[in-house]
Amino acid sequence: MMYEDAETTRALLKEVGARAFQLMHYDAIRDICLLAEQYLAAVENEVPEEVAVVQAALQVWQKTLDPQVASGCSGVPPLE
């Protein structure tokens, strides 16, 4: 189960990181980089609770960034 959660979190990390970069949202980019480090440590040490913490934080960023992408706040074209 931990590895399934880790894979889900990895995909979310990639998706939310791309959105942050698309919007050039520097606070999100910085925080997501820190979450990526935390995620790698959690997977390496096999700590499922830490993976869940990272996933929850990424979901918060996703909810924050999604409306900005949908409203076209970014002057940058969407990533393909």
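Look up: the structure comes first, before these words.
This report concerns the structure included in the present document. Remember, predicted model here, so these are calculated numbers, not experimental data.

The rules behind each value
Residues numbered from 1 in each chain as written. Predicted model: local features only at pLDDT ≥ 70, side-chain atom pairs only at ≥ 80, totals over all residues. Heavy atoms only, no water. Core = buried A, V, L, I, M, F, W, Y, C linked by side-chain atoms within 4.5 Å. Buried < 20%, exposed > 50% of the residue type's maximum accessible area, 1.4 Å probe, protein only. Helix = DSSP H or I, 4+ residues; strand = E, 2+ residues; numbered from the N terminus. Contact = heavy atoms within 4.5 Å. Expected span 1.5 Å × (residues − 1). Salt bridge = Lys/Arg side-chain N within 4 Å of Asp/Glu carboxyl O.

Let us now look at the nonpolar core. Judged by nonpolar contacts, the single largest core of 14 residues is most densely connected at Val16, Ala28, Ile32, Leu58, Trp61 and Leu65. When residues of this core are traced back to their parent elements, those giving at least two are α1 (2–23), α2 (26–44) and α3 (48–71). With six residues, α1 is the largest single contributor of residues to this core. Discounting chain neighbours no more than four positions away, the residues touching valine 16 are Ile32, Leu58, Trp61, Gln62 and Leu65.

For α1, built from 22 residues, the straight-helix expectation of 32 Å at 1.5 Å per residue is met to within 8% by its first-to-last C-alpha distance of 31 Å. Positive phi appears at methionine 24, one or two residues downstream of α1, with a value of about 55 degrees.

Here the focus is the pattern of salt bridges. Considering all chains together, one arrives at four salt bridges under this definition. Across the pair aspartate 27 and arginine 30 runs a salt bridge whose closest N-O atoms are separated by 3.4 Å. Of this pair, aspartate 27 and arginine 30 are both found in helix α2, three residues apart, which corresponds to roughly one turn of the helix. Its relative accessible area of 43% is what places aspartate 27 among the partly exposed residues. Salt bridges sharing common partners tie together Glu15, Arg19 and Asp66.

Let us now look at the side chain of glutamine 62. Following the sequence through the fold, glutamine 62 ends up in helix α3. Note on glutamine 62: relative accessible area 19%, which makes it buried. If sequence neighbours within four positions are ignored, glutamine 62 has contacts with Leu12, Glu15, Val16 and Arg19.

Once that is clear, we can look at the environment of alanine 52. Turning to its location among the elements, alanine 52 is positioned in helix α3. Take alanine 52: its relative accessible area is 42%, and that puts it in the partly exposed class. Separated by 46 residues in the primary sequence, alanine 52 and alanine 6 have C-alpha atoms spaced 8.4 Å apart.

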